[in-house]
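Each chain, written out:
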Amino acid sequence: MKMIVVDDEPMSIEVLKYEVNKFAYVEVVGEFTCGVDALEYAKVQPVDIAVLDIQMCGMDGLQLGQQLKKMHPSILLVYLSAYENYASQVVKLQAEAYLTKPVSSGELEFVLEIAFQKIVSQNKRIFARTFGHFDLYVDGKPIMFRSAKAKELLALLIDREGGTVTTEQIICTLWEDRPNDEATQSLCSKVGKTLEKELQMHRAEELVVSARGVKRLNTDVLECDLYQLLKRDTTATDKFLGEYMLEYSWAENRMALLERYL
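Small disclaimer: the values here were computed from a predicted structure and weren't measured.

Here is what the cut-offs are and how they apply
Residues numbered from 1 in each chain as written. Predicted model: local features only at pLDDT ≥ 70, side-chain atom pairs only at ≥ 80, totals over all residues. Heavy atoms only, no water. Salt bridge = Lys/Arg side-chain N within 4 Å of Asp/Glu carboxyl O. Buried < 20%, exposed > 50% of the residue type's maximum accessible area, 1.4 Å probe, protein only. Helix = DSSP H or I, 4+ residues; strand = E, 2+ residues; numbered from the N terminus. Pairing = 2+ DSSP bridges. Axes fitted to C-alpha atoms, helices over the stretch in contact; angles between N-to-C directions. Contact = heavy atoms within 4.5 Å.

**Q** Just to check I follow, could you spell out the pattern of salt bridges for this structure?
**A** If the charged atoms of two oppositely charged side chains come close together, the side chains can form a pair. In the structure shown here, the tally under the stated rule is 12 salt bridges. For Glu-19, the salt bridge identified is with Lys-22, shortest N-O distance 3.0 Å. Glu-19 sits in the buried class, given a relative accessible area of 16%. The partner of Lys-215 in a salt bridge is Glu-196, with the nearest N and O atoms 3.6 Å apart. Of this pair, Lys-215 sits in strand β11 (residues 214-217) while Glu-196 is found in helix α8 (residues 182-201), placing the two residues 19 residues apart along the sequence. We classify Lys-215 as buried; its relative accessible area is 14%. For Glu-196, a relative accessible area of 28% translates into the label partly exposed. Overlapping salt bridges bring together Asp-7, Asp-53 and Lys-101 as one network.

**Q** Is there a simple way to explain the sheet that holds strand β4 (residues 76-81) in this structure?
**A** Hydrogen bonds between backbone groups are what pair the strands of a sheet, and the pairing can be parallel or antiparallel. With parallel pairing, five strands are arranged side by side in an open sheet as β2-β1-β3-β4-β5. Among the strands making up the open sheet, the edge pair consists of β2 (27-32) and β5 (97-100). Averaged over all pairs of adjacent strands, the angle between strand axes in this sheet comes to 20°, irrespective of strand direction. Here five bridges tie strand β1 (residues 2-6) to β2, and the two strands are oriented parallel to one another. Bridging from a neighbouring strand, Lys-2 pairs with Glu-27 of β2. Across the sheet, helix α1 (residues 10-20) lies against β1, β2, β3 (49-53) and β4, angled at about 175° from β2, the strand it touches most.

**Q** Just checking my understanding: could you explain helix α7 (residues 167-174) for this structure?
**A** Residues spaced three or four apart along an α-helix point in a common direction, a consequence of the helix completing one turn every 3.6 residues. For α7, every residue scored as buried is listed here: Ile-170, Ile-171, Thr-173 and Leu-174. For α7, the elements touching its buried residues are α6 (148-159), β9 (165-166), α8 and β11.

**Q** Is there a simple way to think about the side chain of Asn-218 in this case?
**A** Tracing the backbone shows Asn-218 in the loop between β11 and β12 (222-224). Taking the relative accessible area as the measure of exposure, Asn-218 reaches 16% and is therefore buried. Apart from residues lying up to four places away in sequence, Asn-218 is in contact with Glu-206, Leu-207 and Val-209.

Encoded structure:
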């Protein structure tokens, strides 16, 4: 979640940044003491959420919020003030929150988590097709994977529905004829990094979550025909013709379970 902070008191910005940096899902991409500079930045750079001080010299936070909303209707606004008499004006601007200074860590965490979930639900720009052959689409366009094994690794993570997959499980599935030795583990690590790079190239890096020895899919940012089918979505049921990830032999295990939907 990309955030800008606008406050004509530099110290206030530093205090807020210190608190925001505690949350891995938030990135402060711009800090400004002038509303005009913030607008110029937002014209050319993506911004998900703007934290604005209301009382500023020149363009105040309310005016800035109006301009940002005109520019990016989906941007989320959080207003800060040392006073409580702006609530009615903030409501008219459909702000996410109105916080009085000094802002507590608990208040900020609550607001940011709600904002993050809202952005995730708004921006499901990634779709996985598993019926027939497997493909991943970002913003409506298929990713042309350079590495077939990286694509297969992603397919496996999607098949596991967000559950964790260990390095050993990946090797047993993708390289079933190879021993689980140092060379194969190194190859598995290389394929994992290749997948991460491929997703980064298409601004979809949030799709895969990696930790030491395990990977999982972030299902919150993905639409998938398989998941729709499992929820008995009628549209997905109509599209399912009895074929699932045909290019992968390991997908036959899932296919046996999906036959009940035919």
